[in-house]
Amino acid sequence: MIVSADLHIHTTASDGLNSPKEVVLAAFYKGLNVIAITDHDTFQGALMAQRYVGSLDLLVIIGCEVSSVKGDVLLLCDSPINTPREISELIDVAHENNCLVIPAHPFDDQRNSVGEDIYNYKWDAIEVYNGSSAEHANRMAQYAAKVMGLPGIGNSDAHSIDKIGIVYNNIEVKDLTIDDIFDSIKKSKVKIVIKKNS
Ligand SMILES: [Zn+2]
């Protein structure tokens, strides 16, 4: 089956404008099947969202956006882990815990981004389309993913509920589980959907 996933969303646990509860309800009503809450350097937003989701048919991935020494990095997990700021260490810890490590908006020069250092690390995927980044920055990320032979994903990077799902991924999975979703991302079974530019 195909599931719709926006894997980069902020809440009031960091600099987002809406609470985890509001984000869960908005994502559900917009028809998404999966969201990752990725607040800056905290899993709290994701944990609260997972609590609020209750019996709604929506899977919450426990994420955060780590302020690494080189720039912002998305960490997607099924439960919180330690988040070292050095990227090689972060990748090691993440992989020991079956998490995914994905550079966020890697070539966005308006934000804290890894830039050319992207070529030095073993990522699981690259955020090749970020709903808040300029088109040229997204194109550079797409080029990097191609050169590195890595899967690309696209996300809204929503800081308010109106932006949730402006960019998302249709992912082919067997079951709606975090394991299946991570597996399909690594195998590039992802089609990015862009509803509108920011
Ligand atoms: Zn972000």
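Coordinates for the structure precede this section.
In this text the structure is predicted, and so the values were computed from the model without any measurement.

Help me understand the coordination of the zinc ion, please; the structure alone is not making it clear to me.
Reference values for angles at a metal are 109.5 degrees in the four-donor tetrahedral case and 90 or 180 degrees in the six-donor octahedral case. The coordination sphere of the zinc ion contains the protein donors His8 (NE2), His10 (NE2), Glu65 (OE) and Asp157 (OD), at a distance range of 2.0 to 2.3 Å. Of note is the zinc ion, whose 4 donor atoms meet at the metal with angles of 77 to 167 degrees in an arrangement that counts as irregular. On the basis of relative accessible area, histidine 10 is assigned to the buried category, the value being 1%.

What is the right way to read the pattern of salt bridges from this model?
If charged atoms from side chains of opposite charge come close, those side chains can pair. Inspection of the entire model under this criterion finds 5 salt bridges. Between arginine 111 and aspartate 157 there is a salt bridge, with its nearest N and O atoms 2.5 Å apart. Of the two residues, arginine 111 is situated in the loop between β5 (100–103) and β6 (126–130) and aspartate 157 in the loop between β7 (152–155) and β8 (167–172); the sequence distance between them amounts to 46 residues. The class of arginine 111 is partly exposed, set by a relative accessible area of 27%.

For this particular structure, what's the right way to read unusual backbone geometry?
Backbone geometry follows two general trends: most residues other than glycine have a negative phi, and most peptide bonds adopt the trans configuration. The phi torsion at asparagine 98 lies on the positive side, around 55 degrees, for a residue other than glycine. Counting through the fold element by element, asparagine 98 comes out in the loop between α3 (87–96) and β5. Phi angles above zero are rare outside glycine, and aspartate 157 is one such case at about 55 degrees.

I'm lost on α3 in this one. Help?
For an α-helix, the turn length of 3.6 residues means that residues three or four places apart are oriented alike. Buried within α3 are the following residues: Ile87, Leu90, Ile91 and Ala94. Taken around the axis of α3, the buried residues stretch over an arc of 100 degrees, which confines them to a single face. Along its buried surface, α3 packs onto β3 (59–67), β4 (72–77) and β5. Measuring from the backbone nitrogen of serine 88 back to the side-chain oxygen at the start of α3 gives 3.2 Å, which picks out glutamate 86 as the cap. Following α3 by one or two positions, asparagine 98 adopts a phi angle in the positive range, close to 55 degrees.

Analysis parameters
- Residues numbered from 1 in each chain as written.
- Predicted model: local features only at pLDDT ≥ 70, side-chain atom pairs only at ≥ 80, totals over all residues.
- Heavy atoms only, no water.
- Donors = N, O, S within 2.8 Å, 3.2 Å for Na, K, Ca; no water.
- Tetrahedral: all angles 85-135°; square planar, octahedral: opposite > 155°, others 65-115°.
- Buried < 20%, exposed > 50% of the residue type's maximum accessible area, 1.4 Å probe, protein only.
- Salt bridge = Lys/Arg side-chain N within 4 Å of Asp/Glu carboxyl O.
- Helix = DSSP H or I, 4+ residues; strand = E, 2+ residues; numbered from the N terminus.
- Arc of directions from axis to C-beta.
- Contact = heavy atoms within 4.5 Å.
- Polar contact = N/O pair within 3.5 Å; in protein donor to acceptor, adjacent residues only side chain to side chain.

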